[in-house]
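Summary of the model geometry
As a plain string of letters, each chain reads:
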Amino acid sequence: MAWRKTTAAGKVRMGIGYRVRTGEIVLVGTLGNPKQSHVPPTIFDGIAREHSRKSRRVLCPL
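What you see is a predicted model, and the numbers here were worked out from it, not measured in a lab.

The rules behind the values
- Residues numbered from 1 in each chain as written.
- Predicted model: local features only at pLDDT ≥ 70, side-chain atom pairs only at ≥ 80, totals over all residues.
- Heavy atoms only, no water.
- Helix = DSSP H or I, 4+ residues; strand = E, 2+ residues; numbered from the N terminus.
- Buried < 20%, exposed > 50% of the residue type's maximum accessible area, 1.4 Å probe, protein only.
- Contact = heavy atoms within 4.5 Å.
- Areas by Shrake-Rupley, 256 points an atom, 1.4 Å probe, with all protein chains shown as cover.
- Salt bridge = Lys/Arg side-chain N within 4 Å of Asp/Glu carboxyl O.

Quick look at the overall build of the protein chain
- In terms of helices and strands, the protein chain carries 1 helix and 3 strands.
- If you list the helices and strands of the protein chain from N to C, you get β-β-β-α.
- Expressed as a percentage of its 62 residues, the buried residues of the protein chain come to 16%.
- For the protein chain, contacts bridging at least 24 residues in sequence account for 51% of all contacts bridging at least 6.
- Roughly 5,500 Å² of accessible area belongs to the protein chain as shown, and the carbon and sulfur atoms make up 57% of that amount.

As for the pattern of salt bridges
- For the structure on display, the rule yields 1 salt bridge.
- In this structure, the salt-bridge partner of Arg4 is Asp45, at a minimum N-O distance of 2.6 Å. Of the two residues, Arg4 sits in strand β1 (residues 2-6) while Asp45 sits in strand β3 (residues 43-47), which places them 41 residues apart along the sequence.
- Accessibility expressed as a relative area gives 34% for Arg4, which makes it partly exposed.
- In this structure Asp45 comes out as partly exposed when scored by relative accessible area, which is 39%.

Below is the structure:
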């Protein structure tokens, strides 16, 4: 999954990175073999917050 960081106004946030400046990779793991009722989107928008603080959408379960 990929998290495309946005500002509070909804614009794509440009970071200070050299190669990747607009997003962050999100790793998703499971334990065992859970049943999946839907396929989550592979990219989502979320407001960029303080340094190292994740979007609320990253922290909530799928």
